[in-house]
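# Remarks on the overall topology
This is what each chain is made of:
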Amino acid sequence: MEYIIVLAILFIAELVYFKVADKYNIIDKPNERSSHTQITLRGGGVVFYFGALAYFVYSGFEYPYFIIGLTAITLISFLDDIFTLSNKIRLLIHLLSVLLMFYQWNLFELSWLWILPALVGVIGTINAYNFMDGINGITAWYSIVVLGLLALVNHSVGFIAMDLIIFALLGAVVFAFFNFRNKAKAFAGDVGSVSMAFIVVFLLGQLIITTGNFVYILFLSVYGIDTVWTIIRRALNKENIFQAHRTHLYQYLANEAKVNKLFVSFGYGVLQFVIGYGVIDMTDQDGMTQIVFAVSLLVVMSVVYLVLKRRIVDRFA
């Protein structure tokens, strides 16, 4: 019953935000790099934060440092959606937010040799998640899939309070209702993609710390492959990797190949679910088998990705 109540509250919160965004002209205007052609409300992904905040209150203020970090990174991302802030300010807040996440994980009890690579990895993942938010439905559906995988693992491992995952899922479902459409009511904005990335990374990190098994990183392998190879290609072409662009595979599929955007988004999520389910099965195997599985999977995914992208670029771009 409480989940239905939370779902209703999140729907109301999203509708209220739409009124605010419309009144204050918080919109996304299409440009030459956009995958849409009409003016659309921006920042609808703020409901992801509301979902986590609802859990925080419901649980009696559990995981406070995570929530403080999430609040800071959500606020700076929302302001950036409106004003376009300095990269230095955004990076500073991202850094502070991630350090608060680390404190919630008790990561500072480990060797300092872990802190720097963890910091780079987490901030990189959050930005990669943001880069992948470029077509209707992809952030909402992919997040639902990853959160669903985490819920499956949590059922047996118990690495986190299940309600935190469920409340985050409810936020994703609410946003999907308005965004997983051919003509979206609203886009996630940086506030949405960054806040969801922060939530997903927190949950995934907690899982890895609890189990000591890094193979769960493959829960983000589909996004990872597209992001890493796109960055490599742009770096080789001496392009600014932080500048907005339309050169991810999902963007070529949706924009140049004219595949329905919702089909592309759905396909990314389904592929991630299949891989993630295989990862869950693989965790019963010994460490060497898991390493061989992970490396083989990433190699196969990379080859398929590069061949497919080259064919699409040669034919349509």
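Residues numbered from 1 in each chain as written. Predicted model: local features only at pLDDT ≥ 70, side-chain atom pairs only at ≥ 80, totals over all residues. Heavy atoms only, no water.

## Some details on the overall build of the protein
- Scanning the protein from N- to C-terminus turns up twelve helices and two strands.
- Over its C-alpha trace the protein gives a radius of gyration of 19 Å, about what one expects of a compact globule, namely 20 Å for 317 residues.
- Over its C-alpha atoms, taken along the principal directions, the protein stretches across nearly 45 × 45 × 40 Å.
- Evaluated residue by residue, the protein yields a buried proportion of 49% over its 317 residues.
- Carbon and sulfur atoms make up 67% of the accessible area of the protein, which amounts to about 15,400 Å² in all.
- Taking the 20 positively charged and 19 negatively charged side chains of the protein as two groups, their mean positions are separated by 15 Å. (Helix = DSSP H or I, 4+ residues; strand = E, 2+ residues; numbered from the N terminus. Rg over C-alpha atoms; globule rule 2.2 N^0.38 Å. Buried < 20%, exposed > 50% of the residue type's maximum accessible area, 1.4 Å probe, protein only. Areas by Shrake-Rupley, 256 points an atom, 1.4 Å probe, with all protein chains shown as cover. Lys, Arg positive; Asp, Glu negative; His and termini not counted. Charge placed at Lys NZ, Arg CZ, Asp CG, Glu CD.)

## Quick word on helix α8 (residues 189-211)
- When the terminal C-alpha atoms of α8 are compared, their 33 Å separation across 23 residues agrees well with the 33 Å that a helix rising 1.5 Å per residue should span.
- Extensive coverage of α8 is indicated by the burial of 19 of its 23 residues.
- Among the residues trailing α8, G212 stands out with phi positive, at a value near 70°. (Expected span 1.5 Å × (residues − 1).)

## Brief notes about a nonpolar patch on the surface
- On the surface, a nonpolar cluster with roughly 620 Å² of combined accessible area is contributed by M288, I291, V292, V295, V299, V303 and V307.
- Tracing the backbone through its elements, the reader meets V299 in helix α12 (residues 287-316).
- Judged by its relative accessible area of 48%, V299 falls in the partly exposed class. (Patch = residues over 30% accessible without salt bridge, like charges linked within 9 Å, V, L, I, M, F, W, Y side chains within 5 Å. Salt bridge = Lys/Arg side-chain N within 4 Å of Asp/Glu carboxyl O.)

## Focus: unusual backbone geometry
- Look at N106: it is not a glycine, yet its phi comes out positive at around 60°.
- Mapped onto the elements of the fold, N106 is located in the loop between α4 (87-105) and α5 (115-131).
- Even without being glycine, K258 reaches a positive phi, approximately 65°.
- Along the chain, the position of K258 falls in the loop between α10 (249-256) and α11 (261-282).

## Concerning the pattern of salt bridges
- Evaluation of the coordinates by the stated rule reveals four salt bridges.
- E256 is the partner of R246 in a salt bridge, and the nearest nitrogen-oxygen pair spans 3.5 Å. With R246 in the loop between α9 (221-236) and α10 and E256 in helix α10, the pair connects residues that are ten residues apart, well separated along the chain.

## A few points about the environment of T125
- Within the secondary structure, T125 is located in helix α5.
- Sequence spacing of T125 and N240 is 115 residues, and the spatial spacing of their C-alpha atoms is 18 Å.
- Those residues in contact with T125 that lie beyond four places of it in its chain are V201 and L220. (Contact = heavy atoms within 4.5 Å.)

## Re the packing of helix α2 (residues 46-58) against α8
- Interaxial distance between α2 and α8 falls to 7 Å at its minimum, and their mutual angle equals 35°. Together, V46, F48, Y49 and A52 of α2 and V191, G192, S195, M196 and I199 of α8 make up the contact between the two elements.
- Partitioning the contact of α2 with α8 into residue classes produces seven nonpolar, two polar and no charged. (Axes fitted to C-alpha atoms, helices over the stretch in contact; angles between N-to-C directions. Nonpolar A, V, L, I, M, F, W, Y, C, P; charged D, E, K, R; others polar.)

## So, the packing of aromatic side chains
- Enumeration according to the criterion identifies 28 aromatic pairs in this entry.
- Each ring, one from F66 and one from F202, has its centre 4.1 Å from the other, and the planes form 15°; the classification is stacked. In this pair, F66 sits in helix α3 (residues 64-83) while F202 sits in helix α8, placing the two residues 136 residues apart along the sequence.
- When the centroid spacing of 5.6 Å and the interplanar angle of 70° are considered together, the rings of Y216 and F219 count as edge-to-face.
- In this structure Y216 comes out as buried when scored by relative accessible area, which is 5%.
- For F219, a relative accessible area of 0% corresponds to the buried category.
- One aromatic cluster in this structure is built from Y3, Y55, Y58, Y63, F66, F102, W105, F108, F167, F198 and F202.
- Here the basic side chain of R181 rests over the ring of F177, its NZ or CZ set 5.2 Å away from the ring centre. (Phe/Tyr/Trp six-rings, centres within 6.5 Å; stacked < 30°, edge-to-face > 60°. Lys NZ or Arg CZ within 6 Å of the ring centre and 35° of its normal.)

## Comments concerning the packing of helix α6 (residues 138-157) against α11
- Running from N to C, α6 and α11 cross one another at 15°; their axes reach a closest spacing of 8 Å. Between α6 and α11, the angle falls in the class roughly parallel. Between α6 and α11 the crossing geometry is right-handed. Residue-level inspection shows I138, W141, Y142, V145, V146, L149, L152 and V153 of α6 in contact with α11, the latter providing S265, F266, Y268, G269, V270, Q272, F273, G276, Y277 and I280.
- For the contact of α6 with α11, the per-class residue count stands at 14 nonpolar, four polar and no charged. (Parallel < 35°, antiparallel > 145°, perpendicular 65-115°, else oblique. Left-handed = near helix turned anticlockwise from the far one by under 90°.)

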